[in-house]
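# Overview (structure and organization)
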Amino acid sequence: MMLKKRIHSSINKDCRLHKSNIFQLFIPFLYWLLVWTGLFLFLQTNGKYHFYYIEQNQLFLFDTHYIITTLQHPAGFAQLLADFCMSFYIRPYGGAVWTSLMLTLIGIFTSAILKKRSPHYNRFILSLLPIVLFLFILFDYNYQYTGIVAYLIMLCLLYLYVHLKNDAIRLVYACFSTIVLFWGTGSVIIPFIISILLWEILKKTQRAYLFLLPVLVAALFLGIYTRLTSVEQCKTLLFSNYFTEVSLSDAWYNFFWICMPVSLLITALYQPGLLKRSIRTGLSGLQLLAIGLLYWLSFTKYTHQEFSFYNELDYYMRNGQWDEVIKRYGETTDTKNDLYDCCLNIALAEKQVLTDSLFYFNPHGIRSLYLQWNQSSISASLLNELYFSMGHIALAQRMAFEANVNAYGYSNPRMLKRLVQTNLIFGTYDVAEKYISILEKSIGYRSWATQQRHFLRNDKNVENDPLLGQKRKCIPAENFLSELTGLDVDLKKIIRQNPAHKQTFQYLSALYLLNKDMDNFKELLQTYYGTEVLPALPKSFQEAVVLLSEDEIGYWRNFQVPTGTVGRYNGYRKKVLDERYSMNTLKTTLEKEYGDTFWYYALFIELDPTGQDETDANPKSHPH
Amino acid sequence: MNVRYQLKITRHFFVSLCTCITILSCSDQIQVARTLGDAPEIFPDYTFVTIPSNIAPLRFLLKDSLTTQAQARFEIQGQSVTVKAKDKQFKIAVSDWKKLMNGAEGQTLQITVTAKIENEWVRYAPFPIYIAREPIDPFIAYRLIEPLYETWNNMGIYQRNLENYTESAVITNNSTGKNCMNCHAFCMQDPDRMLFHLRMKYPGTLIMYDGAIEKLNTKTEKTISALVYPSWHPSGRYIAFSVNDTGQAFHASDPNRVEVFDAASDVVIYDREKHEIFTSADLFSDDAFETFPTFSPDGKTLYYCTAQKQSMPEAYEKVQYNLCAVTFDPEKRTIGTQVDTLYKASDNHQSVSFPRVSPNGKYLLFTLSGYGNFSIWHKDADLYLLNLQTREAYPLEAANSPDVESYHAWSSNSSWVVFSSRRIDGLYTRPYFAHIDDNGQAAKPFLLPQKDILIYNSSLTSYNIPEFIKGKIAYDSYTLSDVAVNKPEHYIIFNPE
C-alpha cells in the first residue's frame, strides 16, 4: 500500500515536473511566436513596398565569379547570405517573412545568451532591444541588410560560446570565431570580442585576462588588413557603418553595436540577492521605457513616410500597373513632391491621357514632369523610366546604366532588365545576351531572362513585340547628340521618326505647357494638328488654344475647340477681371473651380527662378 | 583463417582493384565516329594565335551547345597532355602547361578537341597556337571600372601577373573615399616609376619614383585643367601631359553610345625636379587642340596629336587629329619650334589618338578612327603602325576587329603590344595581346588568360588602360592611400620660359 502510494506520488510529481517543463518551453515559444507574428504584421503593413524597392539594390547569383569576388572581402559571407535572402524580397510577403524571421532569431539568441548569464532574470524585455534598433535602421535606404545578417551570425557564434563549459576550449573557440567573423562578417567582431570579455569578467572566470587574447587576435587581423589596404578601410571596417555607404554613414548606426555588452551588464544586476525585488521591477520598467524611447527615436529618424509612398508608386510603375499609380496618387493626402509627380505623369503618358489630365493633379512646374539628374541612383532610376516612356531609348539606357553602377551589391536586377531591353531595341545583341546570362543565374529573374532569348539576333521578333518593336521604331534614323540643343528638340525628332508613339508627343507638349512656352506650343499645334499625331485637341490643348485666342481673336475656331471650353474660359476670365485687385482671394476662389485648367496654371504657378524649369539640359558632364 | 590466407585475400583484392582502375581508365579511349574538317569554335578564340612561352595557361570553352562531353589534347615537341572539359571548359593544369611550354619558343602547340555530340564522338581539326621566341613582360597594370557614362562606384588600379593568374589591387577607391583614379603611367615599363591621378575627393597626382611618393596639385592659373594624359620621359625627370577641357554627350542612335570630346586642350611638360611645367607655342596654341603627348625612347622627340580648333560639341565630327612631333632637348629643357607632321590623318577624314613608340624606337602604334580623340567609344577605331624609318603607316589587320581597338602599350622588348578591345560584346573592354614581328606585322592576338574564362561573361567591369610593367609594383595601397589622403601636396608652377 505504501509502495503504491509512493509510486502514485512519484507519478504525480513527474507529471507536475513534466507540466512545468512544457510550460517553460511553451511560454518562450508562444512569446517568440507572438513577436514574430507582430514583426511580420508590422513589416508587411509598413514595409511591403520598401522591401520591393530595396530588393533591387542587391543581386544574388549562382555564379562562381560573383561568389568568389564577394567572399574575397570582409563581410563577404554575410553579404552573400543577405543577397540570397533579398532575392525573395521581390515576392509577395518575402521581405516581411525573411526580415521578421531574422529579427526574431536575433531576439531568441539574445534571450538565450542572457538566460545563460542570469537564469532567474526575465530577459524577454531586454532581448527586444536589438530588434527595436534593427527594425527601424532597416528602413534606412543607406543601410545594407548585410549588417543584420552579420549580427545574427555573430549572435549564433556567441550563443555557442556561452554554452562551452571548459575555459580553454572557450578561449580557443573565441580566437577562432574572431578570425571567422572578421572575414565573414566584418565589423561585428567588435561587439563579439567585447561581449566575450565582459562575459568572462561577469562570470568571474579565473584568469579572465586570458580572454583578452581574442582582442589581440582581432587587433592583429585588423593590423594586417590595414597594412594590406588602408587606414580608411580599416576605420570603416571597425564600425557598424561598414554596412552603409561610406559617404552616408551615421554615428547612430554604431549605437546598436554596444547592444549586447550593455544587455549583459544589465543582466548582471539581476544576480540573486543583489537587488531588492522592487528595484528589479523598477529596472524592468525602465528597460521597457528605454526600449519604447528607442522605438520612437528610430521611428522618427528612419521611417520616411513620403519615401515609402514613393516606393509604392515605384512598385506599380515597375510592373506597369499604371492605373494603380494614378489611383494611389489621387488617394494620397501626403504633400506631393517631384518624385510622386514624375511617377504619376509617366503613368498618365503610358495611359495616353497626359495631355488630358496634365492640370488635373495641380502640377507645380516642369519638374513635375521632368526630374533633374542629381547623380543619385533614385533619380537615375526614375529618369530611366521617364526616358523609356518618352521613347528616348539612348537616354533611358544611359540612366539605367547610371543606376546600375550605383547598386550596393553586384548589380541592380531591375536596371539589368532594362539594359537587356534597351540593348535588344538597339540590336546590340551580344551585350544583351551578357546581361541575360547574368540574370539567368539569379533566383527571381531567371525565367524572364530566358524568355528574352527569343529576341536575340532576331530583328523580326523584336519588331513584332508590342513593347520592344514600338520602342525600336523610336530610334532616330539620323543620329544626334542627346539634349545638345534641348530635350524638346530630341523629342521632335523622335515624333518624326515614330508618330505612332503617342507618349513622346504627350511629353513634348506637356513640357511646353508646363514651361508656358506658348511660341513653341503654337508651332507644335500648327505642325501636328489634324495629323496622325494630333487628330483632335485634348483638354489642356483646348485651354491653351483659347488662351492664345486672346491675342488672335477667333484663333480657337481653327482647332474645333468645343464651345463649352470657350464658355468656361469666359466665366474664368470674368472672375479674374472681377476680382483682379485681390489676387490671394482670387487664387483661392479660382483653385476650386479652375484649378484643373491650364488657365489657372498659367496665371498662378510661378516657374522656378533658378532656371531649372527649362527643357534645355546641360550636355556637358565629366567623362572617365 | 590463417595469416597466409588473409594475405592472399588482400592480394586478390588489390589485383581486382587495379584491374577495375585499368578498365575504368581504358574507358577513356573513345571511339571517334567522325572527323571534322574545321577547328572547333572556342571562347576565347585562341585558334592560330601567337603567344609567349611565359604566359599563363590558356583555358578555353567549347562553344558548341550540343556537346555533352569533350576532351582536348595539347601536343608539342613530342609531349602531350589530355584535358577533359568540365562544363565545356578546358582547364589545363598550370604544371602541365609549364611542362609543355618549357623550351617551346619558336614551336607550335597543336590542340585537338574531341567532343561527344548527340551520342557520338567527333574529332575537330586540330588548331595551332604559335609560341613566339620572345617572352612577354611578366605584369600588366590596368584600371577595373564599369564602362562609364557619368557616375561610378567601385574602381581601382590592379596589377596582373601574366605568368599565372594572380591579380592584386595596387589601390582601390575604397581607400580614398570612393573617388576617381585614372591615367596610371609608367616610365619605360618600370614598376618603380609610375603615376596616377585622383579626382573629386583628395584630388591630385601621385608620382612614385624609386620608392619616393609625392602628391601634386597640378592646377595652375595658366592651364585649362589639372594635368591629364601623361607620358614619362625615359630619363624619368620629365613627364609630358595634356591639359584638357573635356565634356561628353550621348548619341541618340549611334552604336558608339557616348561621345567624349575636348573643347580645348594643350600639351605641357612637367619637370619633376623643379616642380614646374613648361611648354611651347606649338603645344599651347589657342587655335588648335593638342593632346596625347608621348616621348620617344631616346627622349629627343615629343610626339602628340593636334587638330584644328572647332566649336564644340556641335562640330564634334569635324575634329580630326594629326600625328605631329617636335624635338626635345632634355639637357637644355627646350622644345623644338619645327613641327613635323608624321601622319596627316585629316587628309583621309580620319583622326589619330594614343600614339605610342616602341621601346626600340622603330615603330609608333596609334589608334585611327573617323574623328575625335576618345576612340575607346568609336566602333571604327583600329590600331595602326607607323614605321618611323620609312614613315609608312598601315593597319595592324591581324589585331583589329570590326569593334573598338583602342588604348595600347608596348612591352619592354618591343615584341608585344597589349590593347583594349570591345570585340567580345561590344561594350566591355578586354585586354588582348598581339605579337609584333621584326617586320612590324602583328600576329592574331589572344585574350588575357584567366583561371576561369567565364569571368569575362559575369564581370561587369572593363579593363581600362592596360600597361606593361617589367615587374610587380612594390608600392602598396596603405602607403599610397596615406599619401593621397594625409600628406601635404606640392603645388606646381607654370613657367612660360
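Let me begin by describing the structure that accompanies this report. (Residues numbered from 1 in each chain as written. Chains lettered and ligands numbered in written order. Predicted model: local features only at pLDDT ≥ 70, side-chain atom pairs only at ≥ 80, totals over all residues. Heavy atoms only, no water.)

## Quick look at the overall build of chain A
For chain A, the helix and strand inventory stands at 30 helices and zero strands. At a minimum sequence separation of 6, the contacts of chain A that also span at least 24 residues come to 69%. As displayed, chain A has an accessible area near 27,900 Å², and 60% of this comes from carbon and sulfur atoms. (Helix = DSSP H or I, 4+ residues; strand = E, 2+ residues; numbered from the N terminus. Contact = heavy atoms within 4.5 Å. Areas by Shrake-Rupley, 256 points an atom, 1.4 Å probe, with all protein chains shown as cover.)

## A closer look at the interface of chain A and chain B
The interface is formed by 49 residues belonging to chain A together with 51 residues belonging to chain B. Together, the buried faces of chain A and chain B total about 4,400 Å²; carbon and sulfur atoms form 55% of this surface. Between chain A and chain B we count three salt bridges in total. Between Lys434 of chain A and Asp425 of chain B there is a salt bridge, and its shortest N-O distance comes to 3.9 Å. Inspection of the chain A/chain B interface yields 28 residue pairs in polar contact (both at pLDDT 80 or more). If you list the elements that add at least two residues to the side of chain A that touches chain B, you get α2 (64–71), α9 (213–228), α10 (231–238), α18 (393–405), α19 (413–426) and α20 (429–439) of chain A. (Buried area = accessible area lost by both parts, 1.4 Å probe. Salt bridge = Lys/Arg side-chain N within 4 Å of Asp/Glu carboxyl O. Polar contact = N/O pair within 3.5 Å; in protein donor to acceptor, adjacent residues only side chain to side chain.)

## Looking at the sheet that holds strand β19 (residues 238–250) of chain B
Residue and element names in this part refer to chain B. With respect to topology, five strands assemble into an open sheet ordered β18-β19-β20-β21-β37, the strand pairing being mixed. If you trace the sheet from one side to the other, it starts and ends with β18 (227–232) and β37 (493–494), each paired once. Judged from the four bridges that link them, β18 and β19 form a sheet pairing that is antiparallel. Within β19, the residue paired with Trp232 across the bridge is Ile239. (Pairing = 2+ DSSP bridges.)

## Quick word on the packing of helix α6 (residues 146–162) of chain A against helix α8 (residues 189–202) of chain A
When two helices pack together, their arrangement is given by the angle between the helix axes and by the axis-to-axis distance. All names here are of chain A. The contact between α6 and α8 brings their axes to 10 Å, and the two run at 20 degrees. One way to sum up the angle between α6 and α8 is to call them roughly parallel. You can see that α6 and α8 cross each other, and the crossing is right-handed. Residues Met154, Leu157, Leu158, Tyr161 and Val162 of α6 form the contact with α8, whose own contacting residues are Pro191, Phe192, Ser195, Ile196, Trp199 and Glu200. Taken together, the residues that form the contact of α6 with α8 break down as nine nonpolar, one polar and one charged. (Axes fitted to C-alpha atoms, helices over the stretch in contact; angles between N-to-C directions. Parallel < 35°, antiparallel > 145°, perpendicular 65-115°, else oblique. Left-handed = near helix turned anticlockwise from the far one by under 90°. Nonpolar A, V, L, I, M, F, W, Y, C, P; charged D, E, K, R; others polar.)

## Looking at the nonpolar core
By size, the foremost hydrophobic cluster in this structure holds 233 residues, and its most contacted members are Tyr145 and Tyr435 of chain A. Looking at this core, the element that brings in the most residues is α6 of chain A, giving 12 residues. Listed in part, the 65 residues of the second largest apolar core include Phe60, Met101, Val417 and Tyr456 of chain B. (Core = buried A, V, L, I, M, F, W, Y, C linked by side-chain atoms within 4.5 Å. Buried < 20%, exposed > 50% of the residue type's maximum accessible area, 1.4 Å probe, protein only.)

## Here's the deal with the sheet that holds strand β28 (residues 363–369) of chain B
All names here are of chain B. Taken together, four strands build an open sheet; the order of strands is β27-β28-β29-β30 and the sheet is antiparallel. Two strands bound the open sheet, and with one partner strand each, they are β27 (351–357) and β30 (393–395). Neighbour-to-neighbour, the strand axes of the sheet open up by a mean angle of 30 degrees, direction not taken into account. Pairing of β27 with β28, which is carried by five bridges, proceeds in the antiparallel orientation. Each bridged residue has a counterpart across the sheet, and for Ser351 the counterpart in β28 is Ser369.

## Let's talk about the packing of helix α25 (residues 502–514) of chain A against helix α26 (residues 518–528) of chain A
Axis separation between α25 of chain A and α26 of chain A bottoms out at 9 Å; the angle between their running directions is 150 degrees. On the side of α25 of chain A, the interface is formed by Phe505, Leu508, Ser509, Tyr512 and Leu513 of chain A, while α26 of chain A contributes Asn520, Phe521, Leu524 and Tyr528 of chain A.

## Some points on empty space enclosed by the protein
Counted according to the given criterion, the structure contains seven cavities of 30 Å³ or more. A volume near 70 Å³ is recorded for the largest cavity. Residue lining of the largest cavity: His50, Ile54, Asn57, Gln58, Met86, Leu138, Asp140, Tyr141, Tyr143, Gln144, Tyr145 and Tyr408 of chain A, and that is the complete set. Class assignment of the residues belonging to the lining of the largest cavity gives a composition of seven nonpolar, four polar and one charged. In this structure, the second largest cavity encloses a volume near 60 Å³. Around the second largest cavity, the lining residues are Glu259, Val260, Phe261, Asp262, Phe289, Met312, Tyr316, Val319, Tyr321, Tyr371, Gly372 and Asn373 of chain B. (1 Å grid on protein atoms, 1.4 Å probe; cavity = no way out; pocket = protein on both sides within 12 Å on 5 of 7 lines; lining within 4 Å. Points joined across faces, edges and corners; volume = space filled by probe spheres on them.)

## Structural notes on the pattern of salt bridges
Tallied over the entire structure, the rule returns 41 salt bridges over all chains. Bridged by salt links that share partners, the residues Asp430, Glu433, Glu440, Arg453 and Arg457 of chain A form one connected network.

## With respect to the packing of aromatic side chains
Here a ring pair, both rings aromatic, is described through the centre-centre distance and the interplanar angle of the planes. All names here are of chain A. Following the criterion strictly, the structure yields 64 aromatic pairs over all chains and no others. A ring pair is formed by Trp183 and Tyr225, whose centres lie 6.3 Å apart and whose planes are at 75 degrees; its orientation type is edge-to-face. Here the residue Trp183 occupies a position in helix α7 (residues 167–185), and Tyr225 occupies one in helix α9, the gap between them amounting to 42 residues. Residue class for Trp183 comes out partly exposed when judged on its relative accessible area of 35%. (Phe/Tyr/Trp six-rings, centres within 6.5 Å; stacked < 30°, edge-to-face > 60°.)

## Focus: a nonpolar patch on the surface
Together, Phe26, Ile27, Phe29, Leu30, Leu33 and Leu34 of chain A give the surface a local cluster of nonpolar side chains, amounting to about 570 Å² of exposed area. Within the fold, Leu33 of chain A resides in helix α1 (residues 2–55). (Patch = residues over 30% accessible without salt bridge, like charges linked within 9 Å, V, L, I, M, F, W, Y side chains within 5 Å.)

## Concerning unusual backbone geometry
Cis geometry marks the peptide bond from Phe43 of chain B to Pro44 of chain B; its omega dihedral reads -10 degrees. The topology assignment puts Pro44 of chain B in the loop between β2 (42–43) and β3 (50–51). One non-glycine residue, Arg457 of chain A, lies in the positive phi region at around 50 degrees. Relative to the assigned elements, Arg457 of chain A resides in the loop between α21 (446–452) and α22 (459–464). Positive phi is not limited to glycine here, since Glu483 of chain A has a value of about 60 degrees. The topology assignment puts Glu483 of chain A in the loop between α23 (466–472) and α24 (487–497).

## Some words on the side chain of Lys215 of chain B
All names here are of chain B. Tracing the sequence through the fold places Lys215 in strand β17 (residues 212–217). At a separation of 3.3 Å, a polar atom in the side chain of Lys215 contacts the main-chain carbonyl oxygen of Tyr202. Those residues within four positions of Lys215 in sequence are excluded, and the remaining contacts are Tyr202, Pro203, Gly204, Thr205, Leu206, Val483, Ala484, Pro488, Glu489 and His490.

## Thoughts on the pairing of strand β10 (residues 127–131) of chain B
All names here are of chain B. Here β10 lies mainly inside the structure; four of its five residues are buried. When β3 meets β10, the two strands line up parallel, connected through two bridges. The residue of β10 that forms the bridge with Thr50 is Tyr130. With four bridges joining them, strand β8 (residues 108–117) and β10 adopt antiparallel strand pairing. Note that in β10 the partner of Thr108 across the bridge is Tyr130.

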